[in-house]
Amino acid sequence: MSRVAKTAKLVLVNARAALFDLYGDHLRSRGGKASVAALVRLLAPLEIAAPAVRTAVSRMVRQGWLDRARMPQGPGYVVTPKCVRRLDEAALRIYRAGTIKWHGRWHLIVLEPVRERARRERLRADLAFLGYAQLSETTWVGPRPSPELDPLLAHEGIRADRFEAVLDGDPRELVARAWDLEAIGRAYEQWLTDAQELVGGLPDGAPDAQVFAIRSRLLHGWRNFLFRDPGLPPELLPPGWPGEKARAFFEQKAARLMPSAAAFVDKELL
């Protein structure tokens, strides 16, 4: 196995995650829908087989992310309002435009107890994605309110009290308790090493399908940080935060690879 192929294997993408990336990065701006046949063709460069695509689509329909849609090309799927909110929230954090201002106030959520384990785990994952950290069994904190919070809690049927609060003490001590910044920093450093090898192995004049695959893997690895990094303001981060160097690399390479990746998408949507 070549060095490039080996690196690509380190960032294999499952079908459901690939669909979220595809809809968010390409299809959202193209009407938010695609035929089943087009979805299969678009994920083929990522070595995702047609049955896996169809299974993932069915699961996303059951979870309320996609709806069935009639299209001239055949049966297809369109994003739901719930999915649009998630994709837009993710896009703001993936392609973080400008400096995120922080006014020294924390967003606190106190949830009612949730007895069902599966429901608790689902809620925990969703709140972490929105940038919140768990302080106790029912209390969560984030650097800012998330626009997805109310729809999430309404969907789960969970009541919560919300507060905006100013910490009486050093906010960096709260950050140290709530988030493992050392582990997140190491993850950024490892991602950057792998990403540089992945993109560096792309030959000049590579076909659009290969560029699309490499860019998709790059995006997938970066998107995973949405579940780990809450997007803390710079004043609460340690000096030389590796996330900034990783972000600069991602933004530069994602922009450079976008034209060829977009050309592949446009061709396969026909």
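None of the values given here were measured: they were computed from a predicted structure. (Residues numbered from 1 in each chain as written. Predicted model: local features only at pLDDT ≥ 70, side-chain atom pairs only at ≥ 80, totals over all residues. Heavy atoms only, no water.)

Peer 1: Help me understand helix H8 (residues 171-178), please; the structure alone is not making it clear to me.
Peer 2: At 3.6 residues per turn, the α-helix brings residues three or four places apart onto the same side. Among the residues of H8, those classed as buried are Leu174, Val175 and Ala178. Considered in projection along H8, the buried side chains sweep an arc of 100 degrees and stay on one side of the axis. When the buried face of H8 is taken as reference, the exposed residues oriented beyond 90 degrees from it are Arg172, Glu173, Ala176 and Arg177. If you follow the buried residues of H8, they end up packed against strand S4 (106-111), strand S5 (133-134), strand S6 (139-142) and helix H9 (181-200). The N-cap of H8, judged by a side-chain oxygen 2.9 Å from the amide nitrogen of arginine 172 a few residues on, is aspartate 170. (Buried < 20%, exposed > 50% of the residue type's maximum accessible area, 1.4 Å probe, protein only. Helix = DSSP H or I, 4+ residues; strand = E, 2+ residues; numbered from the N terminus. Arc of directions from axis to C-beta. Contact = heavy atoms within 4.5 Å. Polar contact = N/O pair within 3.5 Å; in protein donor to acceptor, adjacent residues only side chain to side chain.)

Peer 1: What's the story with the packing of aromatic side chains in this structure? I'm lost.
Peer 2: The description of an aromatic ring pair rests on the distance of the ring centres and on the angle between the ring planes. Counting across every chain of the model gives 13 aromatic pairs. With a centroid separation of 4.0 Å and an interplanar angle of 10 degrees, the aromatic rings of tyrosine 188 and phenylalanine 225 are classed as stacked. On the criterion of sequence distance, the pair formed by tyrosine 188 in helix H9 and phenylalanine 225 in the loop between helix H10 (208-223) and helix H11 (242-269) is long-range, its members being 37 residues apart. With respect to burial, tyrosine 188 and phenylalanine 225 carry one shared label: buried. The ring of tryptophan 65 has lysine 82 sitting right over it, with the charged end atom 4.2 Å from the ring centre. (Phe/Tyr/Trp six-rings, centres within 6.5 Å; stacked < 30°, edge-to-face > 60°. Lys NZ or Arg CZ within 6 Å of the ring centre and 35° of its normal.)

Peer 1: Sorry, what's going on with the side chain of histidine 26 here?
Peer 2: Structurally, the position occupied by histidine 26 is in helix H2 (residues 15-27). Ignoring sequence-local partners within four residues, the contact set of histidine 26 consists of Asp21, Phe212, Arg215, Met258, Ala261, Ala262 and Val265.

Peer 1: I tried to follow the pattern of salt bridges on my own but got confused; where do I start?
Peer 2: Pairing of side chains with opposite charge becomes possible as their charged atoms draw close. By the definition in use, this model includes 16 salt bridges. Residue aspartate 21 is joined to arginine 223 by a salt bridge in which the shortest nitrogen-to-oxygen separation is 3.2 Å. Here aspartate 21 is found in helix H2, whereas its partner arginine 223 is found in helix H10, with 202 residues between them in sequence. Judged by relative accessible area, arginine 223 falls into the buried class, the value being 10%. The salt bridge partner of arginine 28 is aspartate 88, with a shortest N-O separation of 2.9 Å. Pair noted here: arginine 28 is in the loop between H2 and strand S1 (33-35) and aspartate 88 is in helix H5 (residues 81-94), with a separation of 60 residues, a long-range link. Here the salt bridges share partners, and the residues they tie into one network are Glu116, Arg119, Arg122 and Glu156. (Salt bridge = Lys/Arg side-chain N within 4 Å of Asp/Glu carboxyl O.)

Peer 1: Explain the UniProt feature "domain: Transcriptional repressor PaaX-like C-terminal" (unreviewed entry) in the chain here, please?
Peer 2: Under the UniProt annotation, the feature "domain: Transcriptional repressor PaaX-like C-terminal" (unreviewed entry) is placed at residues 179-266. This span, residues 179-266, is 69% helix and 0% strand, and a straight line between its end C-alpha atoms measures 40 Å. (UniProt positions renumbered as here; feature names shortened; annotations may be inferred.)

Peer 1: How should the sheet that holds S1 be read in this particular structure?
Peer 2: As a general point, the strands of a sheet are linked pairwise by backbone hydrogen bonds and lie either parallel or antiparallel. Here three strands make up an open sheet; going across it, the order is S1-S3-S2 and the pairing antiparallel. The open sheet terminates on both sides in strands that have one partner only, identified here as S1 and strand S2 (66-71). On average, each strand axis in the sheet is tilted by 30 degrees relative to the strand beside it, whichever way the strands run. Of the strand pairs in this sheet, S1 and strand S3 (residues 74-79) are connected by three bridges, and their pairing is antiparallel. In the sheet register, serine 35 faces S3, and the bridge partner there is glycine 76. (Pairing = 2+ DSSP bridges. Axes fitted to C-alpha atoms, helices over the stretch in contact; angles between N-to-C directions.)

Peer 1: I'm lost on the UniProt feature "domain: Transcriptional repressor PaaX-like N-terminal" (unreviewed entry) in the chain in this one. Help?
Peer 2: Feature annotation in UniProt places "domain: Transcriptional repressor PaaX-like N-terminal" (unreviewed entry) on residues 15-72, given in this structure's numbering. Within residues 15-72, the helical portion is 59% and the strand portion 16%, while the C-alpha atoms at the span's ends are 24 Å from each other.

Peer 1: What's the story with the packing of H2 against helix H3 (residues 36-43) in this structure? I'm lost.
Peer 2: How two helices pack is summed up by the angle between their axes together with the distance between the axes. It is the contact of H2 with H3, at a shortest axis distance of 11 Å, that shows an interaxial angle of 105 degrees. By the criterion of interaxial angle, the relationship of H2 to H3 is roughly perpendicular. Within the contact between the two elements, H2 uses Ala15, Ala18, Leu19, Leu22, Tyr23 and Leu27 and H3 uses Leu39, Leu42 and Leu43. Counted by class, the contact of H2 with H3 contains nine nonpolar, no polar and no charged residues. (Parallel < 35°, antiparallel > 145°, perpendicular 65-115°, else oblique. Nonpolar A, V, L, I, M, F, W, Y, C, P; charged D, E, K, R; others polar.)

Peer 1: Looking at this model, I keep getting lost on helix H4 (residues 50-62). Mind explaining?
Peer 2: For H4, with 13 residues, the first-to-last C-alpha span of 19 Å sits near the 18 Å given by 1.5 Å per residue. Every buried residue belonging to H4 is among Val53, Ala56, Val57, Met60 and Val61, and all of these are buried. Around the axis of H4, the buried residues are gathered within 140 degrees of arc, so they sit on the same side. Counted as exposed and oriented over 90 degrees from the buried face of H4: Pro51, Thr55 and Arg62. (Expected span 1.5 Å × (residues − 1).)

Peer 1: Please explain the packing of H2 against H11 as it appears in this structure.
Peer 2: For the pair H2 and H11, interaxial distance at closest approach is 11 Å and the crossing angle is 100 degrees. One element, H2, and the other, H11, form an angle in the roughly perpendicular class. Here Asp25, His26 and Leu27 of H2 lie close against H11, whose contacting residues are Met258, Ala261, Ala262, Val265 and Leu269.

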